[in-house]
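Structure at a glance
The chain contents come next:
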Amino acid sequence: MKKSKRVELPLVEPLYSTYHYQGTCTAILASNPTIRNWSLNQIMSLSCNRKFLKGFTSPEITVDKSSWGWCPHLIKINVSSQFEKRNINSVIRELIDNGFYIVFENVDDYYVEGKTWYKERHFNHDGLICGYDQNNKTYCIYAYDSNWIYRKFWTPQKAFNAGRAAMLKQGVSTIFYAVKAMDDIVDFSPRIVCDNIKEYLDSDLEKYPFEGEDDVYGIVVHEYIAEYVSKLYRGDIPYERMDRRVFRLIWEHKKAMLERIKLVEEKLGMNTDISQKYAVLVGEADTMRILYAAHHMKRRDPVLPVIQSKVLQLMEDERKLLTKLEENMERELKNETLEVS
């Protein structure tokens, strides 16, 4: 690609975006949208920790393997190690000129104009550089902004480098990775989806009891989140330490599941009964997200038992719909196999 004074790489709506590492995984796929199918096939299981039951203040809820690092269809270059003797800003521009997005880790938000904690709090954070403008010496950043909106915005290169320098004074070096989509064509696979739905549903308090130590996986994570909300209500976890991201993640998980279900119905020639019913669950998840966000903005303790009840009902309704979907998929996939043979 010919060098330019200004380059801005395209982004698409990510499948998951509660955390920066999730957004990067699918936002950079404009050049090869089929790679989104890998995430729809494989990235399905909720996970959380058990540490919040014993004093930790966050359940660290996520979707297992949703980081860009897990995707096998992305080119990944450790810029920090391969270009450590060169000026990093010129390397960033050169890589962007060649279609690479730049993941960064260990930059202090306090100095990065437009970013989440700009001029509010020193915070070691990450994000994505997807463009530069040498006319006004800025970088195009894809990250949560100062209003907690995940979007592209331009920030002075000087401010970004100040955030790097602040971390270096603490003995922490900024890490850079160059990433971009491979040319692989990735197909949506109902067979893989069916197997992963089965694994997601194979999850309950008998398999993951509260007394355990390791992380929890699958649909039972909803029960753990209900317990997290209960601890907030009882004051076991201080209001000031509540994790604002919890119900955004659950909402995004349901949106992604609905996208997946619609593709299953289309690929297998099934009716849309399950996707129509599941769309209601997406709406319920969105309601919980809004209620929880409102409580975060202004303390409203009575809303917490309502959210707790809703998340448990959501789990039961989802289990019923996905169990039915799995049964229908197994029947259709078996019929396809018989027709081929």
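Residues numbered from 1 in each chain as written. Predicted model: local features only at pLDDT ≥ 70, side-chain atom pairs only at ≥ 80, totals over all residues. Heavy atoms only, no water.

1. Remarks on helix α8 (residues 246–268)
Residues three or four positions apart in an α-helix share a direction because the helix packs 3.6 residues into each turn. The first and last C-alpha atoms of α8 sit 33 Å apart over 23 residues, in line with the 33 Å expected at 1.5 Å per residue. Backbone geometry just downstream of α8 places G269 in the positive-phi region, at approximately 65°. (Helix = DSSP H or I, 4+ residues; strand = E, 2+ residues; numbered from the N terminus. Expected span 1.5 Å × (residues − 1).)

2. Side note on the packing of α8 against helix α9 (residues 273–297)
Relative to each other, α8 and α9 sit at 170°, their axes nearing to 8 Å. In terms of orientation, α8 and α9 fall into the roughly antiparallel class. When the axes of α8 and α9 are compared, the crossing they make is left-handed. Along its contact with α8, which presents V246, F247, R248, I250, W251, K254, K255, M257, L258, I261, K262 and E265, the element α9 presents D273, I274, S275, Y278, A279, V282, A285, D286, M288, R289 and Y292. (Axes fitted to C-alpha atoms, helices over the stretch in contact; angles between N-to-C directions. Parallel < 35°, antiparallel > 145°, perpendicular 65-115°, else oblique. Left-handed = near helix turned anticlockwise from the far one by under 90°. Contact = heavy atoms within 4.5 Å.)

3. Thoughts on the sheet that holds strand β2 (residues 46–48)
Taken in spatial order, the three strands make up an open sheet running β3-β2-β10, and their pairing is antiparallel. Each edge of the open sheet carries a strand with a single partner, namely β3 (62–63) and β10 (216–217). Relative to β3, β2 runs antiparallel, the two being bridged by two bridges. Within β3, the position partnered with L46 by the bridge is V63. (Pairing = 2+ DSSP bridges.)

4. A closer look at the nonpolar core
Membership of the largest hydrophobic core comes to 104 residues, with the highest contact counts inside it found for I61, I129, F247, Y278, L322 and L325. Leave out the neighbours within four places in its chain, and I61 touches Y19, L46, S47, C48, V221, I225, V246, L249 and I250. (Core = buried A, V, L, I, M, F, W, Y, C linked by side-chain atoms within 4.5 Å. Buried < 20%, exposed > 50% of the residue type's maximum accessible area, 1.4 Å probe, protein only.)

5. So, the environment of I307
Mapped onto the elements of the fold, I307 is located in helix α10 (residues 303–340). With 145 residues separating them in the primary sequence, I307 and A162 have C-alpha atoms 41 Å apart.

6. Thoughts on the packing of aromatic side chains
Applying the stated criterion to the full structure yields 15 aromatic pairs. Geometrically, the ring pair formed by F52 and Y228 is edge-to-face, given 5.6 Å between the ring centres and 85° between the ring planes. One end of the pair, F52, is in the loop between β2 and β3; the other, Y228, is in helix α7 (residues 221–234), and 176 residues separate them in sequence. One exposure class covers both F52 and Y228, and it is buried. Both rings, one in W117 and one in F123, keep their centres 6.2 Å apart while their planes meet at 55°; by these two values the pair is tilted. On the basis of relative accessible area, W117 is assigned to the buried category, the value being 17%. Through pairs of rings, three or more aromatic residues link up here, namely W117, F123, Y142, Y144, W148 and Y150. Positioned above the aromatic ring of F100 is the side chain of K180, whose terminal nitrogen or guanidinium carbon lies 4.5 Å from the ring centre. (Phe/Tyr/Trp six-rings, centres within 6.5 Å; stacked < 30°, edge-to-face > 60°. Lys NZ or Arg CZ within 6 Å of the ring centre and 35° of its normal.)

7. Digging into the state of the cysteines
Considering all chains together, one arrives at zero disulfides under this definition. Summary of cysteine pairing: C71 is not part of a disulfide, and the nearest cysteine sulfur, belonging to C25, is at 4.8 Å. C71 sits in the buried class, given a relative accessible area of 1%. (Disulfide = S-S within 2.5 Å.)

8. Let's talk about the pattern of salt bridges
As enumerated under the stated definition, the model contains 23 salt bridges in all. Note that K152 and E8 form a salt bridge whose closest N and O atoms lie 2.6 Å from each other. Of this pair, K152 sits in strand β8 (residues 150–156) while E8 sits in strand β1 (residues 6–8), and the two are 144 residues apart along the sequence. A relative accessible area of 30% means that K152 is categorised as partly exposed. Given the relative accessible area of 33%, E8 is considered partly exposed. A salt bridge links K310 to E284, with the shortest nitrogen-to-oxygen separation between them at 3.2 Å. Highlighted residues: K310 in helix α10 and E284 in helix α9, separated in sequence by 26 residues. Owing to a relative accessible area of 30%, E284 belongs among the partly exposed residues under this scheme. Through salt bridges with shared partners, a single network forms among R191, D195, K198, E326 and E330. (Salt bridge = Lys/Arg side-chain N within 4 Å of Asp/Glu carboxyl O.)

9. Side note on unusual backbone geometry
Phi at N106 takes a positive value of approximately 70°, unusual for a residue other than glycine. With respect to the helices, strands and loops of the structure, N106 is situated in strand β5 (residues 101–108). Even without glycine at this site, K119 takes up a positive phi of about 60°. Checked against the element boundaries, K119 lands in the loop between β5 and β6 (124–133). For K119, a relative accessible area of 48% translates into the label partly exposed.

10. Things to note about the pairing of strand β7 (residues 138–144)
Across the seven residues of β7, seven count as buried, placing the element largely inside the fold. Inspection of the sheet shows β6 paired to β7 by five bridges, in the antiparallel sense. Directly across from L128, in β7, lies its bridge partner Y142. The antiparallel pairing of β6 with β7 creates a hairpin that spans four residues between the two strands, and K137 there sits at a positive phi of about 55°.

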